[in-house]
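Observations on chain architecture
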Amino acid sequence: MQAQTSRDSAPPGRQALIWQLLSAALSAVTSGAAAPTVLDCGGGSGSFAVPLAQAGAQVTVVDISVDALATLQRRADEAGVGGRVHAVQGDVEALTDAVGSGGFDLVLAHGILGAVDDLPAAFAAVAASVRPGGRLSVLVANPVAGVLARALAADVSAALAELRALDTAFAQPGPDAVRALCRAHGLLIDQVHGIGVFTELVPGRALEQPGAREALDALEFESATRSPFCDIAARVHLLARRPAG
Ligand SMILES: C[S@@+](CC[C@H](N)C(=O)[O-])C[C@H]1O[C@@H](n2cnc3c(N)ncnc32)[C@H](O)[C@@H]1O
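None of these values were measured; they are calculated from a predicted model. Residue positions are counted from 1 within each chain, in the order its sequence is given. Local features in a predicted model are, by the rule used here, given only for residues with pLDDT of at least 70; side-chain atom pairs are given and counted only at 80 or more, and totals for whole chains, interfaces and linings are based on all residues. To obtain the side-chain values, all non-hydrogen atoms of the structure were used and water was disregarded.

1. Looking at the side chain of His-193
Comment: elements are numbered from the N terminus, with helices defined as DSSP H or I runs of at least four residues and strands as E runs of at least two. Relative to the helices and strands, His-193 resides in strand β6 (residues 188–195). The classification of residues rests on relative accessible area computed with a 1.4 Å probe and restricted to protein chains. Under 20% of the type maximum is buried, over 50% is exposed, and intermediate values are partly exposed. Note on His-193: relative accessible area 10%, which makes it buried.

2. Re the UniProt feature "domain: Methyltransferase" (unreviewed entry) in the chain
Mapped onto this structure's residue numbering, the UniProt feature "domain: Methyltransferase" (unreviewed entry) falls at residues 38–134. A distance of 10 Å separates the end C-alpha atoms of residues 38–134, which is 35% helix and 28% strand. UniProt positions are given in the numbering used here, feature names are shortened, and annotations may be inferred rather than shown by experiment.

3. Notes on the packing of aromatic side chains
The relative placement of two aromatic rings is captured by the distance of their centres and the angle of their planes. The aromatic pairing rule takes the rings of Phe, Tyr and Trp, using the six-membered ring of Trp, and pairs them if the centres are within 6.5 Å, calling planes under 30 degrees apart stacked, those over 60 edge-to-face and the rest tilted. Counted under the stated rule, the structure contains 1 aromatic pair. Ring geometry for Phe-198 and Phe-229: centres 5.8 Å apart, planes at 45 degrees, overall tilted. With Phe-198 in the loop between β6 and α9 (212–223) and Phe-229 in the loop between α9 and β7 (235–241), the pair connects residues that are 31 residues apart, well separated along the chain.

4. Observations regarding the site of the ligand
Close to the ligand lie 14 residues, the nearest being Gly-42, Asp-63, Asp-91, Val-92 and His-110. Contacts described as polar in this section are N or O atom pairs within 3.5 Å, which, within protein, must combine one atom able to donate a hydrogen with one able to accept it, while residues neighboring in sequence count only if both atoms come from side chains. Within the backbone of Ile-64, a nitrogen or oxygen atom sits 3.2 Å from a nitrogen atom of the ligand. Out of a free accessible area of 600 Å², the ligand has 72% covered by protein chains. Residue composition of the shell around the ligand, by class: 4 nonpolar, 8 polar and 2 charged. For each residue, the test is whether any non-hydrogen atom lies within 4 Å of the molecule or strand; if one does, the residue is near. Shrake-Rupley sampling with a 1.4 Å probe provides the accessible areas, and residues are treated as covered by the protein chains on show and by no other component. In this classification, the charged set is Asp, Glu, Lys and Arg, the nonpolar set is Ala, Val, Leu, Ile, Met, Phe, Trp, Tyr, Cys and Pro, and all remaining amino acids, among them Gly, are polar.

5. Here we look at a nonpolar patch on the surface
What makes a patch is a set of residues exposed beyond 30% relative accessible area and free of salt bridges, joined within 9 Å when like-charged and within 5 Å when nonpolar (Val, Leu, Ile, Met, Phe, Trp, Tyr). We define a salt bridge as a contact between a side-chain nitrogen of Lys or Arg and a carboxyl oxygen of Asp or Glu at a distance within 4 Å. On the surface, Val-144, Leu-148, Leu-152, Leu-201 and Ile-232 cluster together into a nonpolar patch covering about 420 Å² of accessible area. Among the structural elements, Leu-152 can be located in helix α6 (residues 143–152).

6. Quick word on the side chain of Arg-242
Here Arg-242 shows up in the segment after β7. For the buried Arg-242, no salt bridge exists, and the shortest N-O distance to an oppositely charged side chain is 11 Å, to Asp-105. A distance of 3.1 Å separates a polar side-chain atom of Arg-242 from the backbone oxygen of His-185. It only takes one pair of heavy atoms within 4.5 Å for two residues to be counted as in contact. Once residues lying within four places of it in the same chain are set aside, the contact partners of Arg-242 are Ala-127, Ala-128, Val-130, Arg-131, Pro-132, Gly-133, Gly-134, His-185, Gly-186 and Leu-187. Positive charges are assigned to Lys and Arg, negative charges to Asp and Glu, while His and the chain termini are left out of the count.

7. Some thoughts on the sheet that holds β7
Paired strands are those between which DSSP finds at least two bridges. Read across the sheet, 7 strands follow the order β3-β2-β1-β4-β5-β7-β6 without closing on themselves; strand pairing throughout is mixed. Looking at the sheet topology across the chains shown, the edges are occupied by β3 (85–89) and β6. Each strand of the sheet is rotated relative to its neighbour by a mean of 15 degrees, with strand direction disregarded. Pairing of β6 with β7 involves 7 bridges; the strand directions are antiparallel. Along β7, the bridge assignment pairs Val-192 with Leu-238. The convention used is that axes are lines fitted to C-alpha atoms, helices contributing only their stretch in contact, and that angles between N-to-C directions extend from 0 to 180 degrees. Of the strands in this sheet, β5 (130–141), β6 and β7 are in contact with helix α8 (residues 175–184), which crosses β7 at around 10 degrees.

Written out as C-alpha cells, the structure reads:
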C-alpha cells in the first residue's frame, strides 16, 4: 500500500514542516498492501492522528484526557476515517497496559515527554512500541528558546533562572535528553529539525503584508536544519529509527 500524502489532509501553517516529515516517515514504513500502523502517544484531539488516518494509516491514539479523545473521535468521524482511528484512554507511563507491547510502524510522542512524571519510564515504553525498522517521531520544547522568550518578554530574572536550570535534572526534557534516551534504547536519530524558529518571534501584524505568510513559511523550512537558527527554535522535532532486526 502506498501512503497517500494529499495536501488536503495536511495540518495547516506552523505544522506544515512536521507534516512533511511525518508523511515521508509514513511512506518509508509502508510496504505491500497492509495499512501502516501508527501509535500517537498523548495524541490529544488528533491534529496528526486524523491526517495520518486520511493518508491511509491505522492510528491508535493513547491519551489521558477523555475530553480530548471525544474530540478526536468526532473529528475522525467528520473526516470519514472514524474506522481507522482507535482512541484509547490511558497513561503513556503505562503504555503496555493500554496497547500491548511493540509492533507499531510509526510512533509519535509530540508534546508529551514534558508532561509525564517519570520520563525514563515513559520513554522506555514509547521506544519499546517501535517495531524493528519502524520510526519514532518526537516533538519537544526547546529549553534554550525558553530562556530567549523570557528575556524578550523583559523577564530577565526568569531568563537567568531558566538559563541556570538548563544543566539540571529539573529542566524540561529538551533535544539533548531525547538524543540520550534514543541512544539508550537502541534508536538511531536520522533527522533533527528546529520548529518555530521565527514563527514565535514575528509579530502577527507583520503577516498581514502581502506575501509575508509565504515568506515566513519558506524561512521556517530553510532555517530548520541550519545552525544557529535551528538551535534556538521554540520546539525541536527528532525522527529516529529502530534498526531492522
Ligand atoms: C501538549 S498536548 C499535545 C497533543 C498532540 N500530541 C499534539 O502535538 O498536538 C499533550 C497531550 O498529552 C496528554 N497527556 C498528558 N499527560 C499524559 C499522560 N501521562 N499519558 C497520556 N496522555 C497524556 C494530554 O491530555 C494532551 O492531550
